[in-house]
Structures are given as C-alpha cells and as structure tokens.
Amino acid sequence: MGERLVCIQKVVGSSPSTSTQGATFRSAEGGPFAQLLLSLCRLACRITAAIVILQTPGLSADSKELAGGKTPVRKAWPRHVIDARFDGADGVRLGDVDGDGRLDVTAGWEESGLVCLYLHPGPEKCRLPWPSVTVADIPSPEDAFFCDVDGDGQLEIISCHEGRERQVWVHRLNPVGGPADRARDKPAAWLTRSRWSSRAVLAAKGQQWMYGMPLAIGSQRSIILGSKNDNASISLLSKNNLGNPSARRSRSGRASTGDDARPSWYLRELRDCGWIMSLESQDVDSDGDLDILFSDRVGSDRCLGWIEQPEDPKDQWSLHRLDLPQREWMFFSTIEDGIVAATRDGESVRIRNLAGRLQNEWIKYAGGIVMGKSISQLPDGSLILTANTYAQRQKDLPGIWYRGADKGWSAIDPTTHVKFDRVELTDVDGGGDLDVLTCEERQNLGVIWYENPGR
C-alpha cells in the first residue's frame, strides 16, 4: 500500500470518540431504515479497520510525536488483531489447552455475552486473526481463565459473570470416547462449538464475580474467586470441603449438588471485600505453599494485601494488609521479589519484600494519564502500563505505554478514548522477547497483541 498507515479515523457526527476503529456511534433515530444504516456503518468501519490492521505491520518506526507534539512514540510496537468481531473484550488469560506447547487465549466479551477460545496458530500465522470458537453464550462475562478442574490433565475454561447473571460457569470440551480421546483431539475438535458444554456452579450463585484463578492446596485443585458490590468476597471454591464441618454455612463452606454432574462444589468465603480487581498466587512467606495476593478497589477497607494459606487449609486463613496509602487499586502483576500495582490516582507502585518491611517505589504515569488499569514489568525492569482514558477527564490520550531505562514514558499505540484491560507478557511470535497481549473495549480494538520491537 505504499507508505504504512498509522490509523484511519473518520468522524461520524461530532462525537470526538467516533472512529472507524470500532467506535461508539450515536443512537440512530428515524425508524428501521436508520437502524439498518447504522448497522451497515458499524460493519463497514470494522471491516475497514481490520483491513488497515492486516495490511499495516505497525506504527511508523521513526521517532515522532502524536496529539499535537505532546505524546512521544519512540519505536513501533506493531499491533496485531486476534479477534475484533464482538463488543466489550474484557480480559485475556493464557493456557495451553490443546497441548501443542503454545499458549492459547481465552477471553470474555462482556457486552456481547460470549466466552471465547483462541488457539495459537504458530509463529508464522500469529499476526493474522487466530482460529477461534465461542464456547458459551452467557451474559456479562467479566473474566475467563483456564483450570484443570477434575485432574485429568486437560484444561477447562472457567468464566466469572457479574450483572444479573452473578454466576461461575465451567466449560468443557466433550470427548468422543474417554478422557484420553479428548487429550488427542485435533484443533478442529477444539474449534467445534457443539463439542463444548457449560454447567453452572450453583454454590457460587448470587455474587458479581469479577476475577478468578486456580490455586494448588496440597494435592487439591481449587479456585480462588473475587467479587464486587453486595456481599462481595474473596472465596475458595473446591471439590472438597475445606471449610469447617458445618459445610452449609456461607462462611465455612456452601455446598452444591447436581451442578456440573460431578461431586459437590464447596464455597468458603475468606474475606469480605468491596471490588476485587486482581488475584495472583505467590509464596509470600516462603513456607512452601502458595498464598493469595489481591487488590481491593473500593470501600473503607480497600487495600493491597495477601491472605496466608495455613498448614491445614481448614484452619483460618490470615489476612495481611500492605502498609500503603489508600488508593483505588487496580490490576497488579507479580515480579521476582514482589509486585507492581496500578491505581486510578495517577501513579503506580513497585513493592518488594511483601512479608517484611516494604520497599516501595512510586512511579508517576505519563503526563495526563490518571486512570491506570494495569501495569506489568519486563525482565529488564521496563514497564508496560494500560489505562482507561475513555473515562478520565482528558480523553484524547493513548491508553497503552512503555517506560524504559531512561524512566520516560512513550505511547505504544496512538489510539485515544480507549479502555484497555490487564496485560499478559508472553513471547507470541517466538522472537525470543516478550510481547504484550491485551484487549480494549471502547474503540473495539478487541483481543490484540503488540509485537516487541526490541530495544
């Protein structure tokens, strides 16, 4: 196409956030014809954006400034689309579901009400849209992640739902024969929607679940869940009663039968909370088992903290709050000796020595960025920040940034009025360095990854 295109933007009406990159259009009035026209405009914009992205290796590699000379982009991070067909991509998680040695992706599309699986196509094809399947059509998915629920060596997909759904679902690929047949399935089987079945975990009904993760408790396979708003909690979901003997009390374990056609699930609430954003596992106290790191975003008791796994998991799980100023805590990621955490207060913090005297390094965001979403650290100490510029007062700023050794911030992607989510750092293309896998839900960039250009 001659010169490489950075982006195509076409304003419809006068809204500054309306663009061909999946923008939100104003409501159409005037009857069925106007609604049809609006639908066709949306479709045309998505097709145009997809063509541009597929034909454009990335942003200009030359040093340049965006947004009137105020936003530096020092080197290109080419953007590649995994999927941008639906609305409201809300989080990406990794796991090798088909056993080919490559990390696949699962994601929920909140507005579209879909839970999807994306199979890594290999380094030669990873810059094109990935093979995918919609494993479930269930309202308000907020998170989806991989977990071997029944210990057969095969990963299932667990999805967490808020809104009116307020449920946790388990999604399985059904084998034609026994479990061994499923492990040998070819990609075509994984991408066949009729092979997938979904069952609700009745013990988890009623909370707005926002995030989850697998957790090893001895030889037990368990799941940690976090929710928000009414009756919000950090809870332990397990196939065995890891609470007190009174298994049907909400705090010591609520059992469910009939769901998932397998032994009962038990839900044990470990801590009340306001709005759990992030959960990670780490052996914080170096005692040989995994503890629970969490960020609680709202409420009088909001904090960054960790919950200590006891020697006997039926005993009390001790809560440890990190001694930090109160902030609106967002997503964090683990580093070798601690964590790095984002806030919606214009700064992030790198924290070391979590079980002792904290060592904190506060890091200001790029100019104008207030509502950080997630932050992750590359092996050389450089940082990747995502933000929600769509919701903050100054919206005409990019939402994904790189901070290098010189401690200066540069934009990875110039698109503004955006709401990015958490990040996975993974070598997508086999290039020997870590790329950035994420999603964006306001300009409908979708599930995407940015190719590390090397520095």
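Parameters at a glance
- Residues numbered from 1 in each chain as written.
- Predicted model: local features only at pLDDT ≥ 70, side-chain atom pairs only at ≥ 80, totals over all residues.
- Heavy atoms only, no water.
- Helix = DSSP H or I, 4+ residues; strand = E, 2+ residues; numbered from the N terminus.
- Buried < 20%, exposed > 50% of the residue type's maximum accessible area, 1.4 Å probe, protein only.
- Contact = heavy atoms within 4.5 Å.
- Areas by Shrake-Rupley, 256 points an atom, 1.4 Å probe, with all protein chains shown as cover.
- Pairing = 2+ DSSP bridges.
- Axes fitted to C-alpha atoms, helices over the stretch in contact; angles between N-to-C directions.
- Salt bridge = Lys/Arg side-chain N within 4 Å of Asp/Glu carboxyl O.

Helix and strand content of the chain: three helices and 31 strands. Out of the 455 residues belonging to the chain, those deemed buried represent 56%. For the chain, restricting intrachain contacts to residue pairs at least 6 apart in sequence, the fraction spanning at least 24 positions comes to 52%. Carbon and sulfur atoms form 49% of the exposed surface of the chain, whose accessible area is close to 19400 Å².

A separate point is the sheet that holds strand S30 (residues 435-440). Strand order in the open sheet formed by four strands is S3-S31-S30-S29, with antiparallel pairing between adjacent strands. Two strands in the sheet have a free side with no partner beyond their single neighbour: strand S3 (79-83) and strand S29 (424-426). Between one strand axis and the next, the sheet turns through 30° on average, direction left out of account. Where S30 lies against strand S31 (residues 446-450), five bridges are found, and the strand directions are antiparallel. Residue pairing in the sheet places Thr438 in a bridge with Ile448 of S31.

Here we come to the pattern of salt bridges. Counting across every chain of the model gives 23 salt bridges. With a closest N to O distance of 3.2 Å, Asp301 and Arg271 form a salt bridge. Linking Asp301 in the loop between strand S18 (291-296) and strand S19 (303-308) with Arg271 in strand S16 (residues 265-272), this pair joins segments that are 30 residues apart in sequence. Judged by its relative accessible area of 37%, Asp301 falls in the partly exposed class. Residue Glu328 is joined to Arg297 by a salt bridge in which the shortest nitrogen-to-oxygen separation is 2.7 Å.

Any link to function would need more than the numbers given here.
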